[in-house]
Amino acid sequence: MLKNLNIQGFYRFFFTALFIFILIQFPFHNFESIFYDLWVKLTPKSKPLIEYSLVGLDESNDQILGEYYPYSYATHLKFIKRVIDDEPFAIVYLVNFEEPSNDDDIPFFKEFSEFIEQYKNRGGLFRFGTGLDLWGEQVPPDLLKRLEYSPALVHVDGETFSKDGVHRKGLLNISGEDSFHLWLANKVREKNGLEEIKANDIWGSFYSPDADAVFANYRHKLKILGEDKSVETLPFYKILGGNFPPNHFKNKVVIIGPSYLSNSDDFVITSLDKDKKVPKILVHTSLTDAISKNKTINEIPEFVSYIISLLLALLLGVVIANFNPARGLMISIIILIGILLISYFLFSFLGIWLKIAHLLLSVFIVVYVWFPLKAMTEYQTRFAIEEESKILKKVENLKQNFISLMSHDLKTPVAKIQGIADILNLKLTDEEPKKLVADITASTKELNSFISSILDLTKIESSNLQLNLSSVDINKIIENAVKGLEFERASKEIEINKNLSPLYPIKVDEKLIHRVIANIVENAIKYTPEKSSIDIISEDDEEWVYISIRDNGPGIPAEDLEHIFDKFYRVKNDDSHKIKGSGLGLYLVKYFIELHEGSIFVESEVGEGTTFNIKLKNA
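All of the points below concern the structure found in this document. (Residues numbered from 1 in each chain as written. Predicted model: local features only at pLDDT ≥ 70, side-chain atom pairs only at ≥ 80, totals over all residues. Heavy atoms only, no water.)

### Some details on the overall build of the protein chain
For the record, the criterion: In DSSP terms, a helix is any run of H or I states spanning at least four residues, a strand is any run of E spanning at least two, and both are numbered starting from the N terminus. Only protein chains enter the accessibility calculation, which uses a 1.4 Å probe; a residue is then buried when its area is under 20% of its type maximum, exposed when over 50%, and partly exposed in between. Every accessible area reported is derived by Shrake-Rupley at a probe size of 1.4 Å, with residue values counting cover from the shown protein chains alone.
If you tally the helices and strands in the protein chain, you get 20 helices and 24 strands. In the protein chain, buried positions account for 45% of the 619 residues. Of the accessible surface of the protein chain, which amounts to about 33,200 Å², a share of 57% is contributed by carbon and sulfur atoms.

This is the structure in structure tokens:
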């Protein structure tokens, strides 16, 4: 296809490549985040590896309990006893505990610590999740530190990617310490018979030097998890009062954390719904489940998108250059849809994130650059074709006029020659001169027939040929045509057998049908051996009149049969070179028959002869 490109096409490729090079200098993170969030929304839901139960601390609990967050250790001791009695799989506290607020709470503080330690010694899983504030990590009081804690941070895009404060990636490890999500995910994997995974081994994980942390993007379905029965949020006070069914927490992961509407830090915006904030405890659950199932995202390096963008732009440029604008636009739309579908499939089913902002914009740039130029080229080409068509039409008219004039002018001297030959034939008595005159007469007949064929062809090509219809007996036309060829028949001593059934007159152009019959009979005489015979049969039914003309000639080879009605076509063999002809006779025969809404077909076998079958409307 490149051979069709001219120098203008190479200029277009140069500027297209230049535009793409400029384009890739801009990250388009905001544009990219739109598709990332859309793919997250469209990701199919999946069932968690384990059931989760969330316990929220909020304003309603404060009112009912008459306490304020994070509540007294006496309250938490009573709460944890009820939960542990239900035999959960694991317990995670995302509450920022402090030292006891009064001396009365100190004994409960110690008992709370001892009770959880005993629970862990029995094989129970327990963890504190810590956050960050201006002074650093919010670690538990010293007495609770021995119960173990891990960072429980929810990362938002505030400094990288689109910087829109939306949660898209999870923390796996910070300063060499695994997050609580990774710790809990490995415990869930162990329960399900899966191998433990390290932060750096997780699909798509990457290290951030600025944060000294390992992160991973993931496919979270918070709404689905929130609507799923395996994830539910119960008020703290209901568990404290024992207002929950028996075995409600059995073999579940219980996550306790704050969800205060008055505290924006307890909520976060996610890719699923940017107009609605989601409690962080639900985000912690979703991230833990994604890590446990290794449903993270591996980002393809940006330079791959840049290379694909350039190649795509050049390929699309070639396509637009070699197709008409409508088809080029359709292909461009198909490519855009294909990019979106491939990106979605990679993201949702394979966990591969191909950034497509540059790919999509490169398609728009090519369309913007190439289509106006293509339209101008198409217009110039169309204009040139129209002008060329006008010139060709003029040339064709001149050619037809020239042929017509020449044919008419040739007819007059040919007629004079034939007249003189006829006079000489009457006056001469010697056989040898009479034979020469007979040759002159035969040649003038052939020349006159050729001129008539050229005139008819000119009329056909100029669409000036009109039918002069009249009611005629077809048998009469056959008789007259055969009579006109008496000299040719007699010279070869050929017998013409006519089996003509009585026919009703039909409306035809007598002159044209006469030429049809005469041409076929004349050809039959030419190709039939001397002292042989030709059969002519006519018959009819209610719809058609049938005429069949059969000779005993050499027949027509199969490869020539489909071409004998072509303009200027003649069968190529030794016999045909000896027999004169223009190659227009059968072309005109077929045209005249079809002009009468009839048909003609040929049956022939080499060495067996040829039969021409004609059908004319019986009306």
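So, next bit.
### A look at the pattern of salt bridges
Between side chains of opposite charge, pairing is possible as soon as their charged atoms come close. Threshold: Salt bridge, as used here: a side-chain nitrogen of Lys or Arg that lies within 4 Å of a carboxyl oxygen of Asp or Glu.
Applying the stated rule across the entire model yields 18 salt bridges. The salt bridge involving Asp142 is made with Lys145; its shortest N-O contact spans 3.2 Å. Taken together, the positions of Asp142 and Lys145, both in helix α6 (residues 142-145) and 3 residues apart, correspond to about one turn of that helix. According to the relative accessible area criterion, Lys145 is partly exposed, its value standing at 33%. Here the residues in one salt-bridge network are Asp37, Asp157, Asp164, Arg168 and Lys274, joined through shared partners.

### Re the layout of surface pockets
Definition in use: Only protein atoms enter the calculation, which uses a 1 Å grid: trapped sets of points that fit a 1.4 Å probe without letting it out are cavities, open sets showing protein on both sides within 12 Å along at least five of seven lines are pockets, and any residue with an atom within 4 Å of a point is a lining residue. Grid points are joined across faces, edges and corners, and a volume is the space filled by probe spheres set on the points. Polar here means any residue outside two lists: the nonpolar Ala, Val, Leu, Ile, Met, Phe, Trp, Tyr, Cys and Pro, and the charged Asp, Glu, Lys and Arg; Gly therefore counts as polar.
Taken as a whole, the second largest pocket spans an internal volume of roughly 1,300 Å³. Considering the residues around the second largest pocket, the lining is formed by 42 residues, among which Leu132, Leu153, Val154, His155 and Lys280 are closest to the centre. When contributions to the lining of the second largest pocket are tallied by element, the ones reaching two or more residues are β3 (125-130), β4 (132-133), β8 (169-174), β10 (206-208), β11 (213-218), β13 (253-258), β14 (267-270) and α10 (280-292). When its residues are assigned to classes, the lining of the second largest pocket shows 20 nonpolar, 14 polar and 8 charged.

### Things to note about empty space enclosed by the protein
Counted under the stated rule, the structure contains 2 cavities of 30 Å³ or more. There is about 50 Å³ of room inside the largest cavity. Looking at the largest cavity, the residues that line it are Pro27, His29, Glu32, Glu302, Ser305, Tyr306, Lys355 and His358. When contributions to the lining of the largest cavity are tallied by element, the ones reaching two or more residues are α2 (29-42) and α11 (302-322). For the lining of the largest cavity, the element with the most residues is α11, which contributes 3 residues.

### Thoughts on the sheet that holds strand β24 (residues 609-617)
To keep things clear, this is the line we draw: Two strands pair under a simple rule: DSSP has to find at least two bridges between them. Angular values range over 0 to 180 degrees, each being the angle between N-to-C directions of two axes fitted as lines to C-alpha atoms, with helices fitted over their stretch in contact.
An order of β19-β21-β22-β24-β23 is seen for the 5 strands of this open sheet, with the pairing classed as mixed. Looking at the sheet topology across the chains shown, the edges are occupied by β19 (495-500) and β23 (599-605). Going from strand to strand, the sheet's axes swing by 10° on average, the running direction of each strand aside. In this sheet, β24 lies alongside strand β22 (residues 544-550) in antiparallel orientation, the contact comprising 7 bridges. Its bridge partner being in β24, Trp544 is matched across the sheet by Lys617.

### Here we look at the packing of aromatic side chains
Which entries qualify depends on this criterion: Note on aromatic pairs: the rings of Phe, Tyr and Trp (six-membered ring only in Trp) are paired at centre separations within 6.5 Å, and the planes decide the class, stacked below 30 degrees, edge-to-face beyond 60, tilted for the rest. Charge-over-ring contacts are defined here by two conditions on Lys NZ or Arg CZ: a distance within 6 Å of the ring centre and an angle within 35 degrees of the ring normal.
Under the defined criterion, the tally for this structure stands at 27 aromatic pairs. On the numbers, 5.4 Å between centres and 50° between planes, the contact of Tyr71 with Phe236 is tilted. One end of the pair, Tyr71, is in the loop between α3 (59-65) and α4 (73-85); the other, Phe236, is in helix α9 (residues 236-240), with 165 residues separating them in the sequence. Judged by its relative accessible area of 0%, Phe236 is buried. Ring centres of Tyr93 and Phe128 lie 6.2 Å apart, and the angle between their planes is 40°; on these two criteria the pair is classed as tilted. Here Tyr93, found in strand β2 (residues 90-93), pairs with Phe128, found in strand β3; they are 35 residues apart in sequence, far enough to count as distant. By the burial criterion, Tyr93 is buried, and Phe128 matches it. An aromatic cluster is present here, built from Tyr71, Tyr73, Phe79, Tyr93, Phe97, Phe109, Phe112, Phe126, Phe128 and Phe236 joined pairwise through their rings. Stacked on the ring of Trp353, the Lys or Arg Lys355 has its end atom at 5.2 Å from the ring centre.

### Points about the nonpolar core
How we decide: For the purposes of this section, nonpolar cores are sets of buried Ala, Val, Leu, Ile, Met, Phe, Trp, Tyr and Cys residues that join through side-chain atoms within 4.5 Å. Contact between two residues is taken to exist if any of their heavy atoms lie within 4.5 Å; hydrogens are not considered.
Of all hydrophobic cores here, the largest spans 41 residues; its most connected members are Ile474, Ile517 and Ile614. Looking at this core, the elements with two or more residues in it are α15 (474-484), β20 (506-509), α17 (510-527), β21 (533-540), β22, α20 (585-595), β23 and β24. Of the residues forming this core, the biggest block, 9 residues, is contributed by α17. Residue contacts for Ile614: discarding those within four places in its chain leaves Val516, Ile517, Ile520, Val545, Tyr546, Ile547, Ile593, Ser599 and Ile600. Grouped together as the second largest cluster of nonpolar side chains are 35 residues, Phe35, Val40, Ala321 and Ile352 included.

### A word on the sheet that holds strand β15 (residues 273-279)
Read from one edge of the open sheet, 3 strands run β7-β14-β15, paired in mixed fashion. Every other strand in the sheet has two partners, leaving β7 (166-167) and β15 as the edge strands with one partner each. Both β14 and β15 contribute to a ladder of 4 bridges, which runs antiparallel. In the strand pairing of β15, Phe267 is matched with Pro279. Strands in contact with α10 are β7, β14 and β15; relative to β15, the strand with the most contacts, it is inclined by about 90°.

### Some remarks on a negative patch on the surface
Rules: Within this analysis, patches are made of residues with over 30% relative accessible area and no salt bridge. Like charges are joined at 9 Å or less; nonpolar side chains (Val, Leu, Ile, Met, Phe, Trp, Tyr) at 5 Å or less. Only four residue types enter the charge count, namely Lys and Arg as positive and Asp and Glu as negative; His and the chain termini do not. Here the site of a charge means atom NZ of a Lys, CZ of an Arg, CG of an Asp or CD of a Glu.
Residues Glu539, Asp541, Glu542 and Glu543 make up a contiguous surface patch of negative charge. Mapped onto the secondary structure, Asp541 falls in the loop between β21 and β22. Overall, Asp541 belongs to the partly exposed group, its relative accessible area being 33%.

In short, geometric facts, not functional conclusions.
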